[in-house]
Amino acid sequence: MKVSLAGKVAIVTGAASGIGLAIVHQFLDSEIAGVVAVDIASEMPQSLIEVNDGSRLKYVCGDVTLDETSNRFTQLALESFGRIDVLVN
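Residues numbered from 1 in each chain as written. Predicted model: local features only at pLDDT ≥ 70, side-chain atom pairs only at ≥ 80, totals over all residues. Heavy atoms only, no water.

Caption draft 1: Layout of the overall build of the protein. In terms of helices and strands, the protein carries 3 helices and 4 strands. Here the C-alpha atoms of the protein give a radius of gyration of 12 Å, agreeing with the 12 Å that 2.2 N^0.38 yields for 89 residues. Dimensions of the protein, computed from the C-alpha atoms along their principal axes, are close to 35 × 25 × 25 Å. Here the protein holds 89 residues, and 35% of them are scored as buried. Across the protein, the fraction of contacts at a sequence separation of at least 24, relative to all contacts at a separation of at least 6, is 54%. Accessible surface for the protein amounts to roughly 5,200 Å². Of this, 52% is attributable to carbon and sulfur atoms. Counting 6 positive and 11 negative side-chain charges, the protein places the centres of these two groups 10 Å from one another. (Helix = DSSP H or I, 4+ residues; strand = E, 2+ residues; numbered from the N terminus. Rg over C-alpha atoms; globule rule 2.2 N^0.38 Å. Buried < 20%, exposed > 50% of the residue type's maximum accessible area, 1.4 Å probe, protein only. Contact = heavy atoms within 4.5 Å. Areas by Shrake-Rupley, 256 points an atom, 1.4 Å probe, with all protein chains shown as cover. Lys, Arg positive; Asp, Glu negative; His and termini not counted. Charge placed at Lys NZ, Arg CZ, Asp CG, Glu CD.)

Okay, here's the thing in structure tokens:
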């Protein structure tokens, strides 16, 4: 079964390394409308900087156990892309 991400918006936590980073790359290789990558790392990973033109990828630095962080990434997704369809946590 193949699922289309065309036009969808995703939030991915733990996005600066490992599985989270790989998922962000896979999403960006698809027809996804936007991704908000969230991690405690203070800067976006180099591999994401290299593919980021600012139109489909946003980055939030923060601790996802804090309400402030979840409010920030939710608001950024809604302001930037108008919706949230997928959450990879």
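Caption draft 2: A look at the sheet that holds strand β3 (residues 57-61). Taken in spatial order, the 4 strands of this open sheet run β3-β2-β1-β4, and their pairing is parallel. Two strands lie at the open edges of the sheet, namely β3 and β4 (86-88), each paired on one side alone. On average, each strand axis in the sheet is inclined to that of its neighbour by 15°, with strand direction left out of account. Here strand β1 (residues 9-13) pairs with β4 via 3 bridges, running parallel. By the bridge assignment, Ala10 is partnered in β4 with Val86. Those strands touched by helix α1 (residues 18-29) are β1, β2 (34-39), β3 and β4, and its axis lies near 165° from that of β1. Packing of helix α3 (residues 67-81) onto the sheet brings it into contact with β1, β2 and β3, and relative to β3 it is tilted by some 165°. (Pairing = 2+ DSSP bridges. Axes fitted to C-alpha atoms, helices over the stretch in contact; angles between N-to-C directions.)

Caption draft 3: Region of the structure containing the environment of Phe27. With respect to the secondary-structure elements, Phe27 resides in helix α1. Among the residues examined, Phe27 registers a relative accessible area of 12% and is labelled buried. Distance in space between the C-alpha atoms of Phe27 and Ser70 is 20 Å, their sequence separation being 43 residues. With residues up to four places along the chain from it excluded, the contact list for Phe27 reads Leu5, Ala10, Val12, Ile32, Val35, Arg56, Val86 and Val88.

Caption draft 4: Here's a closer look at the environment of Lys58. Residue placement: Lys58 occurs in strand β3. Along the primary structure Lys58 and Gly34 are separated by 24 residues, whereas in three dimensions their C-alpha atoms are 7.9 Å apart. Engagement of the side chain of Lys58 in a polar contact is seen with the backbone oxygen of Gly54, the distance being 2.7 Å. (Polar contact = N/O pair within 3.5 Å; in protein donor to acceptor, adjacent residues only side chain to side chain.)

The quantities given are spatial measurements derived from coordinates; they are silent on function.
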